[in-house]
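Summary of the model geometry
Residue-level listing of the chains:
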Amino acid sequence: MRNARWKAASRAAVALAGAGALVAGMALFTTAPAAAGTTLGASAAEKNRYFGTAVAAGRLSDSAYTTILNREFNSVTPENEMKIDATEPQQGRFSYGAAEQIVNHARSRGMSVRGHTLAWHSQQPSWMESMSGTALRSAMLNHVTQVATHFRGQVVAWDVVNEAFADGSSGGRRDSNLQRTGNDWIEAAFRAARAADPGAKLCYNDYNTDNWTHAKTQGVYNMVRDFKARGVPIDCVGFQSHFNNESPYVSNYRTTLSSFAALGVDVQITELDIQGASAATYRSVVEDCLAVPRCNGITVWGIRDSDSWRASQTPLLFNSNGSKKPAYDAVLAALNNGTTPTDPPTDPPTDPPTDPPTTPPPGQGGCTATVSVNQWTGGFVATVRVTAGSSAISGWTVGIALPSGATVTNAWNANRSGSSGATSWTNVAYNGRVGAGQSTEYGFQANGTAGTITPTCTAS
């Protein structure tokens, strides 16, 4: 869902670009209380998937709205209630009431919840819009940490970062106050989210990434491939799929979904709406998702046409009076005709990044470790890079002396001994073997102040 400020910018942006599961994880999505195959959520659950909708807290008092919501869907996404301006209207003062209303409504009825969104250049409160540099980076990471921690265990997937890539032919990042804090801000946000809510799937979400040939799609793809190769915690990619006359559905949409899935991430259709609600197009989108085992769910961005941010384009599955449209029948038929994945897909190996290591390799058989820190008031996230020398190594141990008052609260991609003072970190099973001159990374979150951290590395 987009507010009025977003709409004006987005309509122009959408016109610039053409029309983007781990099955084991689907135990998180439960069947809606209806006979299988007769509603969208129940039929999707039969296929080990979810079928969800965006929900506005202010409409939960509308009985016609909630009747359709409770009957048809087994997943919800808060439309605006988890965005930055809603959850942290004043710096350091968090407000969760409207978001909790949606979460409680969904969970009390056996629906799963997608969190949307932790870090975004838009819908920032005024205090964040005026910030820059290190102060903004710290504030962003604190926001990610606080919100994800508050809803830990209640949200099955987070849109950690939203719409960070630019439209057009560059395939590069969008210029924003967050981007100007450093090109690693997306990675930092994902690491903070993993530390705060380790049980949730972490997604990157964007629009106009449906067409496989577009530069923006390729830019996101290259980022995800790099993240997977370096162990950055990304689990899924969300394709908003706001299709209209300027940005239509394209025949290579399935190629887009399957290509991202081949990187070892789930793919999700997160904000689907289609101008005119073409039954044929809705059917094609659902069939494309069902054809990709790691496409584990679809969310339409609203219930009735009158609930849509694009109401004049009548893009949803229900008329404004709540009656089903032909597109609804097409979606249900496609779900009922779909196949159920029988085995969890195996993550394929991904190509290593082509950039040379940033740390000069040490002598033969050894390793070095460097650390980067994102600090905020009261805590920090540290990312440690281990680089092999001129020979491959089969394991590594990193020693870090934490300053007084610093205590580790979460860690990823390493085994840890000690939480304060002298700490020791060793590789886990999948990142001990590092090729000559290559690198791997692990990270941790801690309370306190990082100060100067000087890691030492020993190879085995």
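What counts, and at which threshold
Residues numbered from 1 in each chain as written. Predicted model: local features only at pLDDT ≥ 70, side-chain atom pairs only at ≥ 80, totals over all residues. Heavy atoms only, no water. Helix = DSSP H or I, 4+ residues; strand = E, 2+ residues; numbered from the N terminus. Buried < 20%, exposed > 50% of the residue type's maximum accessible area, 1.4 Å probe, protein only. Areas by Shrake-Rupley, 256 points an atom, 1.4 Å probe, with all protein chains shown as cover. Phe/Tyr/Trp six-rings, centres within 6.5 Å; stacked < 30°, edge-to-face > 60°. Pairing = 2+ DSSP bridges. Axes fitted to C-alpha atoms, helices over the stretch in contact; angles between N-to-C directions. pLDDT = per-residue confidence, 0-100. Contact = heavy atoms within 4.5 Å. Disulfide = S-S within 2.5 Å. Polar contact = N/O pair within 3.5 Å; in protein donor to acceptor, adjacent residues only side chain to side chain.

1. So, the overall build of the chain
A count of helices and strands for the chain gives 12 helices and 17 strands. Taken across its 460 residues, the chain has 57% of its residues classed as buried. Counting every atom, the chain has about 16600 Å² of accessible surface; 49% of that belongs to carbon and sulfur.

2. A word on the packing of aromatic side chains
Evaluated as defined, the whole model comprises 18 aromatic pairs. Taken together, a centroid distance of 5.1 Å and an interplanar angle of 90 degrees make the contact between W212 and Y221 edge-to-face. For W212, a relative accessible area of 21% translates into the label partly exposed. Measuring from ring centre to ring centre gives 6.3 Å for W212 and F260, while their planes differ by 80 degrees; the resulting arrangement is edge-to-face. Placement of W212 in the loop between β5 (201-206) and α9 (215-230) and of F260 in helix α10 (residues 253-261) is noted, with a sequence separation of 48 residues between them.

3. A closer look at the sheet that holds strand β12 (residues 396-401)
Across the sheet, which stays open at both edges, the four strands sit in the order β14-β15-β12-β17 with antiparallel pairing between neighbours. Edge positions in the sheet fall to β14 (415-417) and β17 (456-459), since each of these pairs with one other strand and no more. The mean angle between the axes of side-by-side strands here comes to 20 degrees, regardless of whether they run parallel or antiparallel. In this structure, β12 lies alongside strand β15 (residues 422-426), joined through five bridges in antiparallel fashion. Bridge pairing in β15 places T397 opposite T426.

4. Concerning the confidence of the model for the chain
Summarising the model, the chain shows a mean pLDDT of 86, and 85% of its residues fall at 70 or more. This stretch, residues 1-36, has a pLDDT under 50; its non-local contacts, to residues over four places away or in other chains, come to 107 contacts. Overall, residues 342-364 carries pLDDT values under 50, and its contacts beyond four positions in sequence, including any with other chains, amount to 44 contacts.

5. Examining the state of the cysteines
A full pass over the atoms with the stated rule returns three disulfides. A disulfide bridge connects C203 with C236, and the sulfur atoms are separated by 1.9 Å. Across the S-S bond of C203 and C236 the torsion is about -80 degrees, and the bridge reads as left-handed. Highlighted residues: C203 in strand β5 and C236 in strand β6 (residues 236-239), separated in sequence by 33 residues. Take C203: its relative accessible area is 0%, and that puts it in the buried class.

6. Here we look at α10
Looking at α10, one finds that the buried residues are Y253, T256, L257, S259, F260 and A261. Among the structural elements, α9, β6, β7 (242-243), β8 (266-274), α11 (279-290) and β9 (295-300) are those in contact with the buried residues of α10.

7. With respect to the environment of D175
Here D175 shows up in the loop between β4 (157-162) and α8 (185-196). Sequence spacing of D175 and A164 is 11 residues, and the spatial spacing of their C-alpha atoms is 8.3 Å. Reaching out from D175, the side chain makes a polar contact with the side chain of R180 at a distance of 2.9 Å.

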